[in-house]
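As a plain string of letters, each chain reads:
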Amino acid sequence: MHSKTPAARRYLKRFVPTMLAYVVLVMATSLIVAKLHPTGAALVALSILPALPILGILVVIGLYVREESDEYVRQRLVVAMLFGIGVVLAAATVLGFLQIYHAIGQIDVFWAFPVWCASWGLAQCAMAWRDRAGADA
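A short tour of the structure in this document, coming up. Per chain, the residues get numbers from 1 upward, laid out in the order the sequence is written. With pLDDT at 70 or above as the cut-off, local features in this predicted model cover only qualifying residues; side-chain atom pairs require 80 or more to be listed or tallied, and sums for whole chains, interfaces and linings still use all residues. Only hydrogens and water are set aside; all other atoms, that is, all heavy atoms of the structure, feed into the side-chain values.

Observations concerning the packing of helix α3 (residues 51-67) against helix α4 (residues 71-100)
What counts here: Note on definitions: angles span 0 to 180 degrees between N-to-C directions of axes, and those axes are lines fitted to C-alpha atoms, for helices only across the stretch in contact. Working definition: helices are DSSP H or I runs of at least four residues, strands are E runs of at least two. Numbering for both runs from the N terminus. Contacts are assigned to residue pairs with any non-hydrogen atoms lying within 4.5 Å of each other. Each residue is assigned to one of three groups, with Ala, Val, Leu, Ile, Met, Phe, Trp, Tyr, Cys and Pro labelled nonpolar, Asp, Glu, Lys and Arg labelled charged, and all others, Gly among them, labelled polar.
At a closest axis distance of 9 Å, the pairing of α3 and α4 adopts a crossing angle of 145 degrees. Between α3, through Ile61, Tyr64, Val65 and Arg66, and α4, the contact on the second element is made entirely by Val73, Arg74, Leu77, Val78 and Met81. Within the contact of α3 with α4, the residues separate by chemical class into 7 nonpolar, no polar and 2 charged.

Quick look at the layout of surface pockets
Rules: Using only the protein atoms, space was sampled on a 1 Å grid; points where a 1.4 Å probe fits but cannot get out form cavities, open sets with protein on both sides within 12 Å along at least five of seven lines form pockets, and lining residues are those with an atom within 4 Å of a point. Grid points are joined across faces, edges and corners, and a volume is the space filled by probe spheres set on the points.
Taken as a whole, the largest pocket holds about 260 Å³ of empty space. Lining the largest pocket are 13 residues, and of these Ala92, Leu95, Ile107, Asp108 and Val109 lie nearest its centre.

Overview of the packing of aromatic side chains
Definition in use: Only Phe, Tyr and Trp rings take part, Trp by its six-membered ring, and two of them pair if their centres are within 6.5 Å. Stacked means planes under 30 degrees apart, edge-to-face means over 60, and tilted covers everything else. Only protein chains enter the accessibility calculation, which uses a 1.4 Å probe; a residue whose area is less than 20% of its type maximum is buried, one above 50% is exposed, and one in between is partly exposed.
For the structure on display, the rule yields 6 aromatic pairs. Seen from their ring centres, Phe97 and Tyr101 are 6.4 Å apart, and the 10 degrees between their planes marks the pair as stacked. Residue classification places Phe97 among the partly exposed residues on the basis of a relative accessible area of 46%. Judged by relative accessible area, Tyr101 falls into the exposed class, the value being 62%.

Focus on the nonpolar core
The test is simple: As used in this record, nonpolar core signifies buried Ala, Val, Leu, Ile, Met, Phe, Trp, Tyr and Cys residues forming a set joined through side-chain atoms within 4.5 Å.
The biggest cluster of nonpolar side chains holds 20 residues, and the ones touching the most others in it are Tyr11, Ile61, Tyr64, Leu77, Met81, Trp116 and Trp120. Among the elements of the structure, α1 (6-36), α3, α4 and α5 (112-136) are those that each provide at least two residues to this core. Per-element accounting of this core gives the leading share, 6 residues, to α3.

Side note on the environment of Val109
For Val109, the position within the fold is in the loop between α4 and α5. We classify Val109 as exposed; its relative accessible area is 72%. The spatial distance from the C-alpha of Val109 to the C-alpha of Ala92 is 8.7 Å, given a sequence separation of 17 residues.

Section: α1
We apply this condition: To estimate the expected span of a helix, count its residues, drop one, and scale the result by 1.5 Å.
Here α1 contains 31 residues, and its C-alpha end-to-end distance of 45 Å stays within 8% of the 45 Å for a straight helix at 1.5 Å per residue. Within α1 the residues assigned to the buried category are Ala7, Ala8, Tyr11, Thr18, Tyr22 and Thr29. Where α1 is buried, its residues contact α2 (40-48), α3 and α5. Phi turns positive one or two residues past the end of α1, at His37, with a value near 50 degrees.

Quick look at the pattern of salt bridges
Where we set the bar: One speaks of a salt bridge when a side-chain nitrogen belonging to Lys or Arg is within 4 Å of a carboxyl oxygen belonging to Asp or Glu.
Summed over all chains, the structure comprises 5 salt bridges. In this structure, Glu71 engages Arg74 in a salt bridge whose closest nitrogen and oxygen atoms are separated by 2.5 Å. A residue pair is termed a helical-turn pair when its members lie 3 or 4 positions apart in one helix, as Glu71 and Arg74 do in helix α4 at 3 residues. One salt-bridge network, in which partners are shared between bridges, spans Arg10, Arg14 and Glu67.

Written out as structure tokens, the structure reads:
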């Protein structure tokens, strides 16, 4: 990410508090569930609570793409995001069939977002490496 653009600076100002909220909510929810053993609607509400900042992160990312005025940076973001989506969809498809036919056990769908984030980041790293390698040639 090119943190020099105003949109990238706004992204970071939005991203950091949202991710901190996520960490706090995951820790608090885990503690509350472990200590109080809620059930029913309380458990459902507590279970959804840590997901809310993740939804916020998706909004933050969308705002960044919309607000980024540098076409080159925006194009790279979108290409990296599409790569991440492709990785998640491919993994979900393969793992889904493995689960359907009982070749593997259950895998929590919670992992979709972290895998997408990691894939998005790796794609950005690969593009940066490719650009540097091309500049050296």
